[in-house]
Amino acid sequence: MTATSTTLTWQHYLELCKPKVVALIVFTAIVGMLLAVPGVPPLDKFAFGTLGIALAASSAAAINHFLDQKADAEMARTQNRPLPKGELSAKNVLIFAGIIGLMSMALLVVLVNPLTALLTFFSLIGYAVIYTVYLKRMTPQNIVIGGAAGAAPPVLGWCAITGEVHHHALLLFLIIFVWTPPHFWALAIARRKEYAKVEIPMLPVTHGSEFTRLHILLYTILLLLVTLLPYLTGMSGLIYLVIAVILGLGFIYYALVMFKRTDDKTAMKTFGFSIIYLMIMFAALLVDHYFPLILA
């Protein structure tokens, strides 16, 4: 095997991990870790917890590639993935997913704590099996119910540092849980024909784009209200509150624009904004958390 082919093979395995998605997952987990303590968290728990959660998320992504390979081959958005293109075998993908999944569990059990390992395992199964195998093809509310797995990382991060599930960590979970439907439905509107082609009952496929746009708007309003909870419960202060309100109104604006401009480009812009929204929202939580320490 040449050096070039070896490099390409590792690039294919990296693609299996969905690095952009995993990066966002790990970021929210890290925010959970940092918010769990007033100062700097224990560096060993922080490092091994981050690595364990990242490996588990990557394993779930690889399993998702394996289970969705037939649908991926028929969709323009996914037909260039390693499995549909024949760049990796299904057997090797499963072996890879199993190895990094076991590594994740070993790291979390031995070097972090068993509760974090257990919750991470349930999150992995929730996404890779329950959502991908059952919910995704069973109901147009798939992303609403399945969003629980994607909302877990801040709780996992918090638990990695403290060994417990704190109610503040559950507020972070709730923010991502409510954010997920309007985030993903914007993409589903733009890709509705592809989902219909492979018979995946996403909301715009089963109920139409106009109905989905209404639900995106309703969820963005609910999301604004939910993001006020960290301030109202005393978890965060004014810095976070101001940013949360501005971001929330911005998301609602994008949802309203989608009613006026029903083209796919606008839906994709909303999808893109939703990612930036979540990153800034969680960054604001960190700034608000550490700002008093900086002043001190």
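These figures come from a predicted structure and were not determined experimentally. (Residues numbered from 1 in each chain as written. Predicted model: local features only at pLDDT ≥ 70, side-chain atom pairs only at ≥ 80, totals over all residues. Heavy atoms only, no water.)

Comments concerning the overall build of the protein chain
Turning to step 1, where the next piece is worked out: Looking only at helices and strands, the protein chain has 15 helices and zero strands in total.
Turning to step 2, where the next piece is worked out: Its C-alpha atoms give the protein chain principal-axis dimensions of roughly 55 × 50 × 35 Å.
Turning to step 3, where the next piece is worked out: For the protein chain, buried positions account for 51% of its 296 residues.
Turning to step 4, where the next piece is worked out: With the model as given, the accessible surface of the protein chain reaches about 13700 Å², and the carbon-plus-sulfur share is 71%.
Turning to step 5, where the next piece is worked out: Within the protein chain, one finds 19 positive and 13 negative side-chain charges whose respective centroids are separated by 5 Å. (Helix = DSSP H or I, 4+ residues; strand = E, 2+ residues; numbered from the N terminus. Buried < 20%, exposed > 50% of the residue type's maximum accessible area, 1.4 Å probe, protein only. Areas by Shrake-Rupley, 256 points an atom, 1.4 Å probe, with all protein chains shown as cover. Lys, Arg positive; Asp, Glu negative; His and termini not counted. Charge placed at Lys NZ, Arg CZ, Asp CG, Glu CD.)

Details of the packing of helix α2 (residues 19-35) against helix α8 (residues 153-162)
Turning to step 1, where the next piece is worked out: Between α2 and α8, the least distance of the axes is 7 Å, while the angle of their chain directions is 40°. Accordingly, the angle class assigned to the pair α2 and α8 is oblique. Crossing of α2 against α8: the hand is right-handed. For the pair α2 and α8, contact is made by Ile25, Thr28, Ala29, Gly32, Met33 and Leu35 and by Pro153, Pro154, Gly157, Trp158, Ala160 and Ile161, respectively. (Axes fitted to C-alpha atoms, helices over the stretch in contact; angles between N-to-C directions. Parallel < 35°, antiparallel > 145°, perpendicular 65-115°, else oblique. Left-handed = near helix turned anticlockwise from the far one by under 90°. Contact = heavy atoms within 4.5 Å.)

Here's the deal with a nonpolar patch on the surface
Turning to step 1, where the next piece is worked out: Nonpolar side chains collect at one region of the surface, where Leu214, Leu218, Ile221, Leu222, Leu225, Leu256 and Phe259 lie side by side and expose about 590 Å² of accessible area between them.
Turning to step 2, where the next piece is worked out: Of all elements in the fold, only α12 (209-226) and α14 (238-260) reach the threshold of two or more residues within the nonpolar patch.
Turning to step 3, where the next piece is worked out: Broken down by element, the residue count for the nonpolar patch peaks at five residues, all from α12.
Turning to step 4, where the next piece is worked out: Structurally, Leu222 can be placed in helix α12. (Patch = residues over 30% accessible without salt bridge, like charges linked within 9 Å, V, L, I, M, F, W, Y side chains within 5 Å. Salt bridge = Lys/Arg side-chain N within 4 Å of Asp/Glu carboxyl O.)

A short note on a positive patch on the surface
Turning to step 1, where the next piece is worked out: Together, Lys260, Arg261, Lys265 and Lys269 line one region of the surface with positive charge.
Turning to step 2, where the next piece is worked out: Along the chain, the position of Arg261 falls in the loop between α14 and α15 (264-295).

Let's talk about the packing of aromatic side chains
Turning to step 1, where the next piece is worked out: Under the criterion given, the structure shown has twelve aromatic pairs.
Turning to step 2, where the next piece is worked out: Ring centres 5.7 Å apart and planes at 70° place the aromatic pair Phe251 and Phe273 in the edge-to-face group. Taken together, the positions of Phe251 in helix α14 and Phe273 in helix α15 put the pair 22 residues apart, joining distant regions of the chain.
Turning to step 3, where the next piece is worked out: Pairing Phe251 with Tyr277 gives two aromatic rings, centres 5.2 Å apart and planes at 55°, and the pair type is tilted. Of this pair, Phe251 sits in helix α14 while Tyr277 sits in helix α15; the two residues are 26 residues apart in sequence, bridging distant segments of the chain.
Turning to step 4, where the next piece is worked out: An aromatic cluster is present here, built from Phe251, Tyr253, Tyr254, Phe273 and Tyr277 joined pairwise through their rings. (Phe/Tyr/Trp six-rings, centres within 6.5 Å; stacked < 30°, edge-to-face > 60°.)

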